[in-house]
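Chain residues, written in single-letter form:
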Amino acid sequence: MPGTSASAPTWLDPVAIETALARESAPETAVVREILDKALALEPLGPDEIVALLRVKKPEDLTLILATADLVKQKVYGDRIVLTAPLHVSNTCASECRYCASRKGNAAVQRKRLNPSEIREAARKLIRQGHKRVVLVSGQSTESDVEYWAEATEALLRLFDGMGEIRRVNFDLGVLTPDEYAVLKRTEAGTVNIYQETYHEKSYHNAHPGGPKSDFAGRLQGPGVALESGMPDVGLGLALGLGPWEFDLLGLAAHAAHLAQEYGAGARTVNLHRVRPAPGCDFQAPYALNDDEFLRAVAITRLAIPYTGILLTTREPAGVWREACNIGCSQLLTGSVANPYESWTDAPGEKAPFPIGEECHLDEVVRFLLEEARHLPSFCTACPRLGRSGQEFISLVRNGSIKSQCGPNSIAGFMEFLINYATPYTRQLGEKVIAEKLEQLPEHERGAAERLLQKVRSGRMDEFI
Ligand code: SF4
């Protein structure tokens, strides 16, 4: 079998997870409240507590879970929803993940590796929408691509397009070696995302039959290696539907707890995405989640790992991601400009081209968020640029002090978006939401926000405290 688990780390204990999941009974409401109080105190939940929440059946208890997930998110991150664009720079890959169009054996897609000038062109499209944050996405080759990624990162961070620039580059690149991380560290590298996809070993091997990603244990150890190699932050993630989702939530929580205990840093973000159809892939997710199950998974993840940024994609139906923003989601991936998969349905019978134009305009996503009349779309990149990463960032989140910077910074960054990129209707909605948010801020934060806003209105950019 590819990627045996001979050296699977001890922090992932499948027997303990199955034992916890064997519970069938729903907890009493008083027990549910106790667990939710613990989450509200920003204490991560253990496996038995997570399973108790998974077993809740009473509608009123379920409502309480969703409402508390929202309260926890508000307590940690306030009203912000951070917006990041995926930038697919390459779809060449040595792995054979059955659900992914980039898998090596897939003859249905055109292969492409953007050169620096194409990367800049794709980035310009994002900048012109108002994006400030990108996650660089690439397939995984056997030979090292790290010089290419480092070059791409520098090209992105040096690009100024008259009105704006990319200020933060995160990575979805697969597992790297310490030497490769050393190359990435020469750039202003952001969070390294290494998604386990599923913690259920049998399901993992079923979905990942060949190539570097078939190494289950190596993948599990990847985030720890990144932190040991001096990368500032790591992100975890699930491809929900590959494995039993309840098992996967427990595996994810165990992984985050291990990183917190071992490195003090925890998981900066957690990406929850459902497996989707992809060109050239006849793979059916064996444990597909319906919308209600997906939303419950989002809310319980927020409660189980309270400090983490929960990241969803706007490739989920709009009704689902909008609802998720009300129950714990704090970040959205949106506005891909170079995506090898999405144009397939437009060109049946032809190879899916790469890259393609953007399919989800940022202004529309911002408008959807504003129409809820409570979220503050955020483009803020202050923390990493002030060195607030890893353990320091998590400590600020846990003691609640991060919010005093986030409120003013997010408002200033959002005003920059409204002035320079928003349609008139979105700007009108946005100005109204900013006025309301200012009213809600404590006095000292309001003063800081108003000073930043004054600078932005007078034409200055990239203002933060
Ligand atoms: S390693 Fe990533 S890009 Fe390559 S086939 Fe697997 S999921 Fe797709």
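Residues numbered from 1 in each chain as written. Predicted model: local features only at pLDDT ≥ 70, side-chain atom pairs only at ≥ 80, totals over all residues. Heavy atoms only, no water.

1. A look at the domain arrangement of the protein
One frequently used descriptor of interface size is the decrease in accessible area upon assembly of the parts. Quick note on the threshold: What marks off one domain from the next here is an automatic or database domain assignment. Contacts are assigned to residue pairs that have any heavy atoms within 4.5 Å of one another. Once two parts are joined, some of their accessible surface, as seen by a 1.4 Å probe, is lost; buried area is that loss totalled over both. When a carboxyl oxygen of Asp or Glu lies within 4 Å of a side-chain nitrogen of Lys or Arg, that pair is called a salt bridge. Polar contact is the term for a pair of N or O atoms within 3.5 Å; when the atoms are in protein, one must be able to donate a hydrogen and the other to accept it, and sequence-neighboring residues count only if both atoms are side-chain atoms. Helix and strand assignments follow DSSP, with helices taken as H or I runs no shorter than four residues and strands as E runs no shorter than two, numbered in order from the N terminus. Note that Gly is not counted as nonpolar here; it falls among the polar residues with everything else outside the nonpolar set of Ala, Val, Leu, Ile, Met, Phe, Trp, Tyr, Cys and Pro and the charged set of Asp, Glu, Lys and Arg.
Looking at the protein, the domain boundaries give domain 1 (15–73), domain 2 (81–360) and domain 3 (389–457). Placing the centre of domain 2 and that of domain 3 at their C-alpha centroids yields a distance of 27 Å. Opposite the 15 residues of domain 2 that make contact, domain 3 presents 11 residues. On the domain 2 side of the contact with domain 3, M163, R268 and Y307 bury the most area, a combined 44% of that side's loss. At the junction of domain 2 with domain 3, the criterion picks out one salt bridge. The closest approach of N and O atoms between E416 and R167, which form a salt bridge, is 2.7 Å. The interface formed by domain 2 and domain 3 holds two residue pairs in polar contact (both at pLDDT 80 or more) in total. Counting residues per element, the side of domain 2 that touches domain 3 draws most heavily on helix α5 (residues 116–129), which supplies three residues. When the residues that make up the side of domain 2 that touches domain 3 are grouped by side-chain class, the tally is six nonpolar, four polar and five charged.

2. Section: the packing of aromatic side chains
For clarity, the cut-off: In this scheme Phe, Tyr and Trp rings, the latter by its six-membered ring, pair at centre separations within 6.5 Å, and the angle between planes marks the pair as stacked below 30 degrees, edge-to-face above 60, and tilted otherwise. Each residue gets one of three labels from its accessible area relative to the maximum for its type: buried under 20%, exposed over 50%, partly exposed in between, using a 1.4 Å probe on protein chains only. A ring has a charge above it when a Lys NZ or an Arg CZ is no more than 6 Å from the ring centre and no more than 35 degrees off the ring normal.
Going through the model one piece at a time under the given rule, you end up with six aromatic pairs. With centroids separated by 6.2 Å and ring planes inclined at 55°, the aromatic side chains of Y99 and F283 adopt a geometry described as tilted. With a gap of 184 residues between them, Y99 in the loop between β1 (80–90) and α5 and F283 in the loop between β6 (269–274) and α11 (291–304) connect regions that are remote in the sequence. By relative accessible area, which is 11% here, F283 ends up buried. Through pairs of rings, three or more aromatic residues link up here, namely F379, F414, F417 and Y421. Over the face of the ring belonging to Y148 we find R113, whose NZ or CZ atom lies 4.0 Å from the ring centre.

3. Here's the deal with the pattern of salt bridges
Taken as a whole and assessed by the stated rule, the structure comprises 22 salt bridges. K432 serves as the salt-bridge partner of E436, at 3.5 Å between the closest nitrogen and oxygen. Taken together, the residues E436 and K432, both in helix α17 (residues 424–440) and four residues apart, mark about one turn of the helix. According to the relative accessible area criterion, E436 is partly exposed, its value standing at 32%. Residues joined by salt bridges that share partners form a network here, namely E165, R167, E416 and D462.

4. Some thoughts on the packing of α5 against helix α6 (residues 146–158)
Under the convention used in this document: Angles shown run from 0 to 180 degrees and are taken between the N-to-C directions of axes, each axis being a line fitted to C-alpha atoms and, for helices, limited to the stretch in contact. Any angle between 65 and 115 degrees counts as roughly perpendicular, while under 35 counts as roughly parallel, over 145 as roughly antiparallel, and the rest as oblique. Crossing handedness is read from the near helix: turned anticlockwise from the far helix by less than a right angle, it gives a left-handed crossing, and turned clockwise, a right-handed one.
At a minimum axis separation of 10 Å, α5 and α6 run at an interaxial angle of 45°. One finds that α5 runs oblique with respect to α6. As α5 packs across α6, the resulting crossing turns out to be right-handed. Note on element contacts: α6 touches α5 through Y148, E151, A152, A155 and L156, opposite P116, I119, R120 and A123. For the contact of α5 with α6, the class distribution of residues is seven nonpolar, no polar and two charged.

5. Re the site of the ligand
Let me state the cut-off plainly: The nearness test applies per residue and asks whether one of its heavy atoms lies within 4 Å of the molecule or strand.
Around the ligand, the surrounding shell consists of C93, S95, C97, C100, S102, R103, G139 and K213. Across the shell around the ligand, the residue classes break down as three nonpolar, three polar and two charged.

6. Details of helix α10 (residues 245–263)
What counts, and what does not: To estimate the expected span of a helix, count its residues, drop one, and scale the result by 1.5 Å.
The end-to-end C-alpha distance of α10, which contains 19 residues, comes to 26 Å, matching closely the 27 Å that a straight helix rising 1.5 Å per residue would cover. Those residues of α10 lying buried are W245, F247, D248, L249, L250, G251, L252, A253, H255, A256, H258 and L259. Where α10 is buried, its residues contact α1 (14–21), α3 (47–54), α9 (216–228), β5 (234–240), β6 and α11. In the stretch just after α10, G264 is the one whose phi turns positive, near 75°.

7. Section: the pairing of strand β2 (residues 133–138)
Here is the rule: One requirement defines pairing of two strands: DSSP has to find at least two bridges between them. Note on handedness: a crossover is taken as right-handed if, strands pointing away from the viewer, the path from the first strand over the helix to the second is clockwise.
Most of β2 sits out of view: six of its six residues are buried. Burial along β2 is two-sided: the residues R133, V135 and V137 and V134, L136 and S138 are all buried. Note that β1 and β2 share five bridges and pair parallel. Each bridged residue has a counterpart across the sheet, and for S90 the counterpart in β2 is S138. Tracing the backbone out of β1, into α5 and back to the parallel element β2 gives a crossover that is right-handed. Two elements, β2 and strand β3 (residues 168–172), share five bridges in a ladder whose sense is parallel.

8. Looking at the pairing of β5
A regular strand places its side chains on the two faces of the sheet in alternate fashion. The buried count for β5 comes to seven of seven residues, which makes it a mostly enclosed element. Examined bridge by bridge, strand β4 (residues 189–193) and β5 share two bridges and lie parallel to one another. Residue pairing across strands places V192 opposite V234, the latter belonging to β5. Taken together, the six bridges between β5 and β6 define a ladder with parallel strand orientation. Looking at the pairing, L236 lines up with V270 of β6. Crossover connection from β5 via α10 to parallel β6: handedness right-handed.

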